[in-house]
Amino acid sequence: MAKKNWKIIEVEDFVIFKASDDIIDEANAHYAQANAANQRFIDTHPAAEPTMPISGTFICAQPPNYRGVPMLHATADDWAEKFELFKTFGLDTVIYQAAVWNELETVYYPSKHFKDYRLFDQIGNVLEAAERTNIDVYLGGYGSVSGWCMGKDPAYVEQEKLNHFAVQDELFELYGSRFKGIYFAPETAYRGERDLYTEKTLNSIYKDFCDRLKSLHPACEIVMSPATKYFEGKLDEMIDSWNTILDGVKLDVMAPQDSIGCCGTTLDHQEVMFKVWRQICDNKNIRFWSNVEIFEAHDCSQIDTSIPADPRRVAHQISHAQKVAEKLISWEMLSYTHIERHGQRAEAMKNFLQSLNK
């Protein structure tokens, strides 16, 4: 496997990923550069006036790589309260990021396969709250970092597949038809150059995962949300790379992260990146949603690495996305609209999201 750029630390009664010490300065310098580029875009362009609400969000009992607003001991009533707030934003969909986090050895439902992992039993509460509030749920399955550090180890790849299948089966055994679809949790991205071994390995994982799921549960929708990274002069290569990765994959929805918040790309490149993703989806007859990031990567030395974004920036993101995407979702509204956690920035984001739901 590739060299790790993260470590695992304890926070209260849970654990999270945190950037390794040797990459903090470089990562923070990149964040500052990208955030400055986005600010220049805001300052030199007319204010955006988006008309499309963000109608879905990822949720989790605990974000895997920052503290956020832990819901590890939440009741169904607690989740229902959050969902009622989300509905004031125009939300009708939640995506539970991952039912299991392998490297964190944490599971969020009573799993037999991962019975030795730390259990925070929350997925049942989420489903109950969603049923009360009439919200669709997609359940993320097996979460791991395999999409970022795939090595040339066939045994590792096969074990990853078996883990995906085990979680898939347990979620359907426990929760049946109470959720609309499955979210394929591990992320990846085109990283600026072709790597045919990794592309074909990911294709094998995605294809086997989707084929098996569709054969067992044909009505279940499958969603993926890869990251976006802009590389000058490499857009056609990115398309070819994803055409290889998605060859024969029975995916229903691609919801790429716009990666403005995590600084994978910037506002000045966003429109062209949406055209690239639209072409990739059209090539494979996959529905295209946009994962609009409502946070700003700030300092990866901290337990909370990000803050709520400036709504003016998010307005530009939505204005770009609504031209090509059928639905807008976001990462973790719960944290970035939590006023007790983020103060005026969260209040501004909350008011902005509500203003889109006209």
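Description of the structure in this document. This structure is a prediction, so every number in the text was calculated from the model and none was measured. (Residues numbered from 1 in each chain as written. Predicted model: local features only at pLDDT ≥ 70, side-chain atom pairs only at ≥ 80, totals over all residues. Heavy atoms only, no water.)

### So, the environment of Thr57
Turning to step 1, where the next piece is worked out: Among the structural elements, Thr57 can be located in strand E3 (residues 56–59).
Turning to step 2, where the next piece is worked out: Judged by its relative accessible area of 0%, Thr57 is buried.
Turning to step 3, where the next piece is worked out: Sequence-wise, Thr57 and Gly68 are 11 residues apart; in three dimensions their C-alpha atoms are separated by 15 Å.
Turning to step 4, where the next piece is worked out: There is a polar contact of 3.0 Å between the side chain of Thr57 and the backbone nitrogen of Met333. (Helix = DSSP H or I, 4+ residues; strand = E, 2+ residues; numbered from the N terminus. Buried < 20%, exposed > 50% of the residue type's maximum accessible area, 1.4 Å probe, protein only. Polar contact = N/O pair within 3.5 Å; in protein donor to acceptor, adjacent residues only side chain to side chain.)

### Some points on empty space enclosed by the protein
Turning to step 1, where the next piece is worked out: Taken as a whole and assessed by the stated rule, the structure comprises three cavities of 30 Å³ or more.
Turning to step 2, where the next piece is worked out: Looking at the largest cavity, its volume works out to about 60 Å³.
Turning to step 3, where the next piece is worked out: With four residues, the top contributor of residues to the lining of the largest cavity is helix H7 (residues 267–284).
Turning to step 4, where the next piece is worked out: By residue class, the composition of the lining of the largest cavity is four nonpolar, five polar and one charged. (1 Å grid on protein atoms, 1.4 Å probe; cavity = no way out; pocket = protein on both sides within 12 Å on 5 of 7 lines; lining within 4 Å. Points joined across faces, edges and corners; volume = space filled by probe spheres on them. Nonpolar A, V, L, I, M, F, W, Y, C, P; charged D, E, K, R; others polar.)

### Description of the packing of helix H2 (residues 76–87) against helix H3 (residues 123–133)
Turning to step 1, where the next piece is worked out: Put simply, H2 and H3 touch, their axes get as near as 8 Å, and they point 45 degrees apart. As summarised for this structure, H2 and H3 are arranged oblique, according to the angle between their axes. Taken as a pair, H2 and H3 cross one another with a handedness that is right-handed. Here Ala76, Asp77, Trp79, Ala80, Phe83, Glu84 and Lys87 of H2 lie close against H3, whose contacting residues are Asn125, Val126, Glu128, Ala129, Ala130, Arg132 and Thr133.
Turning to step 2, where the next piece is worked out: The residue inventory of the contact of H2 with H3, partitioned by class, reads seven nonpolar, two polar and five charged. (Axes fitted to C-alpha atoms, helices over the stretch in contact; angles between N-to-C directions. Parallel < 35°, antiparallel > 145°, perpendicular 65-115°, else oblique. Left-handed = near helix turned anticlockwise from the far one by under 90°. Contact = heavy atoms within 4.5 Å.)

### Brief notes about the side chain of Asn163
Turning to step 1, where the next piece is worked out: As for its placement among the helices and strands, Asn163 is situated in helix H4 (residues 154–175).
Turning to step 2, where the next piece is worked out: Exposure remark for Asn163: the relative accessible area of 7% places this residue in the buried category.
Turning to step 3, where the next piece is worked out: Setting aside chain neighbours within four positions, we find Asn163 in contact with His113, Phe114 and Tyr142.

### Some remarks on the nonpolar core
Across soluble globular proteins, you tend to see nonpolar side chains buried next to one another.
Turning to step 1, where the next piece is worked out: If you look at the biggest cluster of nonpolar residues, it comprises 111 residues, and the most contacted ones within it are Phe83, Ile123, Leu171 and Trp242.
Turning to step 2, where the next piece is worked out: In contact with Leu171, other than residues within four places in its own chain, are Ala99, Tyr109, Ile123, Leu139, Gly140, Gly141, Gly176, Phe179 and Ile182. (Core = buried A, V, L, I, M, F, W, Y, C linked by side-chain atoms within 4.5 Å.)

### Re the sheet that holds strand E7 (residues 118–119)
Turning to step 1, where the next piece is worked out: Across the sheet, four strands lie side by side as E7-E6-E5-E9; this open sheet has mixed pairing. Unpaired on one side and paired on the other, E7 and strand E9 (142–143) mark the two borders of the sheet.
Turning to step 2, where the next piece is worked out: Pairing between strand E5 (residues 100–101) and strand E6 (residues 106–107): two bridges, direction antiparallel. What sits directly across from Trp101, in E6, is Thr106. (Pairing = 2+ DSSP bridges.)

### Observations concerning the packing of aromatic side chains
Turning to step 1, where the next piece is worked out: All told, the structure shown has 19 aromatic pairs when counted by the stated rule.
Turning to step 2, where the next piece is worked out: Between Phe114 and Tyr142, the aromatic rings sit 6.0 Å apart at their centres with planes inclined by 20 degrees, giving stacked as the arrangement. Of this pair, Phe114 sits in the loop between E6 and E7 while Tyr142 sits in strand E9, placing them 28 residues apart in sequence. Take Phe114 and Tyr142: they sit in the same class, and that class is buried.
Turning to step 3, where the next piece is worked out: The rings of Trp79, Phe83, Phe86 and Phe89 are connected pair by pair, giving a single aromatic cluster.
Turning to step 4, where the next piece is worked out: Taking the ring centre of Trp289 as reference, the NZ or CZ of Lys327 above it sits at 5.7 Å. (Phe/Tyr/Trp six-rings, centres within 6.5 Å; stacked < 30°, edge-to-face > 60°. Lys NZ or Arg CZ within 6 Å of the ring centre and 35° of its normal.)

### Some thoughts on the sheet that holds strand E13 (residues 287–292)
Turning to step 1, where the next piece is worked out: With respect to topology, eight strands assemble into a closed barrel ordered E3-E4-E8-E10-E11-E12-E13-E16, the strand pairing being parallel.
Turning to step 2, where the next piece is worked out: With three bridges joining them, strand E10 (residues 181–183) and strand E11 (residues 221–224) adopt parallel strand pairing. What sits directly across from Ile182, in E11, is Ile222.
Turning to step 3, where the next piece is worked out: Here helix H8 (residues 311–321) sits on the sheet and contacts E13 and strand E16 (327–330); the angle it forms with E13, its principal contact strand, is near 175 degrees.

### Brief notes about the packing of helix H6 (residues 235–245) against H7
Turning to step 1, where the next piece is worked out: Relative to each other, H6 and H7 sit at 30 degrees, their axes nearing to 10 Å. Relative to H7, the element H6 lies roughly parallel. In this structure, H6 crosses over H7, and the sense of that crossing is right-handed. Touching Leu235, Met238, Ile239, Trp242 and Asn243 of H6 are Val272, Met273, Val276, Trp277, Gln279, Ile280, Asn283 and Lys284, all from H7.
Turning to step 2, where the next piece is worked out: Counted by class, the contact of H6 with H7 contains nine nonpolar, three polar and one charged residues.

Nothing here speaks to function; it is geometry throughout.
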